[in-house]
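# Remarks on the overall topology
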Amino acid sequence: QVQLVESGGGVVQPGGSLRLSCAASGFTFSRSGMHWVRQAPGKGLEWVAYIRYDGSTEYYADSVKGRFTISRDNSKNTVYLHTSSLRLEDTATYYCAKWSSGWDCWGQGTLVTVSS
Amino acid sequence: QSVLTQPPSVSAAPGQKVSISCSGGTSNIGNYYISWYQQLPGTAPKLLIYENNKRPSGIPDRFSGSKSGTSATLGITGLQTGDEADYYCGTWDSSLNTGVFGGGTKLTVL
């Protein structure tokens, strides 16, 4: 079945970096656009980033532009979110999501906590 | 401040029906399909409605969607206590070149 599994979250100090990973299975990953969406504790969903199926196009939310980079390795069926210059307000659960006429599959999320 | 506007909360009794609205603009709902997501407490969001009014397999027909112009509505009939969750609308925005979500609506089944 279609599955997305995130990893790489943790506790990091302000200004630090983390690389989040999302391993995909059960569908043709190399033909699917992929997104990252985050949710701060007790808050709503916030779209973060998108990468086209072939990696040729990326889009970012203004709140993370210049600090986060989305990438993918189709040979490993994995999408990444490289985060840097982390701020307190980046504390959230980060979900990867597959796009097919809607975000039709979500991972379980990985928690990033930015704290001094 | 979310690009798409939803009511913060709605409530109704078991067995009743409820509607959740989602309002946007011409660069998002007006030009793209809307989708709806259910997030049960402590879990990841799940796709409920895609392409305005289609249900993925396994989603009961108690859930329905509609769109008119720059607004959309999620309808839920025959409410059950298990429907208590946060509901989000989402789509793409061509002016921002970003995905956009509503702020979420908390459904309480009294």
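Every chain begins its residue count from 1, and numbering advances along the sequence as written. Written order determines the labels here, with chains lettered from A and ligands numbered from 1. Per-residue local features are limited, in this predicted model, to residues with pLDDT of at least 70; the limit for side-chain atom pairs, both in listing and counting, is 80 or more; totals at the level of whole chains, interfaces and linings are taken over all residues. The basis for every side-chain value is the complete set of heavy atoms in the structure, and neither hydrogens nor water enter the calculation.

### Brief notes about the state of the cysteines
Linking two cysteines covalently through their sulfur atoms gives a disulfide. Throughout, a disulfide means two cysteine sulfur atoms within 2.5 Å of one another. Per the counting criterion, the structure on display carries two disulfides over all chains. Between Cys22 of chain A and Cys96 of chain A runs a disulfide, and the two sulfur atoms are separated by 1.9 Å. On the S-S bond that ties Cys22 of chain A to Cys96 of chain A, the torsion sits near 55°, and the link is right-handed. Of this pair, Cys22 of chain A sits in strand 3 (residues 18-25) while Cys96 of chain A sits in strand 9 (residues 92-99), placing them 74 residues apart in sequence. A disulfide bridge connects Cys22 of chain B with Cys89 of chain B, and the sulfur atoms are separated by 2.1 Å. Every disulfide takes its handedness from the sign of the S-S torsion; for Cys22 of chain B and Cys89 of chain B that torsion is 80°, giving right-handed. A residue pair is termed long-range when its members are at least 10 positions apart, and Cys22 of chain B in strand 2 (residues 18-23) and Cys89 of chain B in strand 7 (residues 85-93) qualify at 67 residues. The rule is simple: take the accessible area with a 1.4 Å probe, protein chains only, and divide by the maximum for that residue type; under 20% is buried, over 50% is exposed, in between is partly exposed. Overall, Cys89 of chain B belongs to the buried group, its relative accessible area being 0%. Each helix is a run of DSSP H or I of at least 4 residues and each strand a run of E of at least 2, with the numbering of both proceeding from the N terminus.

### What to know about the interface of chain B and chain A
Contacts between chain B and chain A engage 19 residues on the former and 19 residues on the latter. A simple way to read buried area is as the amount of 1.4 Å-probe accessible surface that goes missing from two parts once joined, with both sides added. Regarding the contact of chain B and chain A, the summed buried area is about 1400 Å², with carbon and sulfur atoms giving 69% of it. Of all residues in chain B, Pro45, Trp92 and Phe101 of chain B bury the most surface against chain A, accounting for 34% of the area lost on that side. Salt bridges are defined as contacts in which a side-chain nitrogen from Lys or Arg sits within 4 Å of a carboxyl oxygen from Asp or Glu. The tally of links between chain B and chain A comes to zero salt bridges. Only heavy atoms enter the contact rule, under which two residues are in contact if any of them lie within 4.5 Å.

### Thoughts on the pattern of salt bridges
In the structure shown here, the tally under the stated rule is eight salt bridges over all chains. Its salt-bridge partner being Arg62 of chain B, residue Asp83 of chain B comes within 2.9 Å of it at the nearest N-O pair. Pair noted here: Asp83 of chain B is in the loop between strand 6 (71-76) and strand 7 and Arg62 of chain B is in the loop between strand 4 (46-49) and strand 5 (63-68), with a separation of 21 residues, a long-range link. Several salt bridges converge on common partners, so that one network encompasses Arg38, Glu46, Arg67 and Asp90 of chain A.

Coordinates in, geometry out; function isn't part of it.
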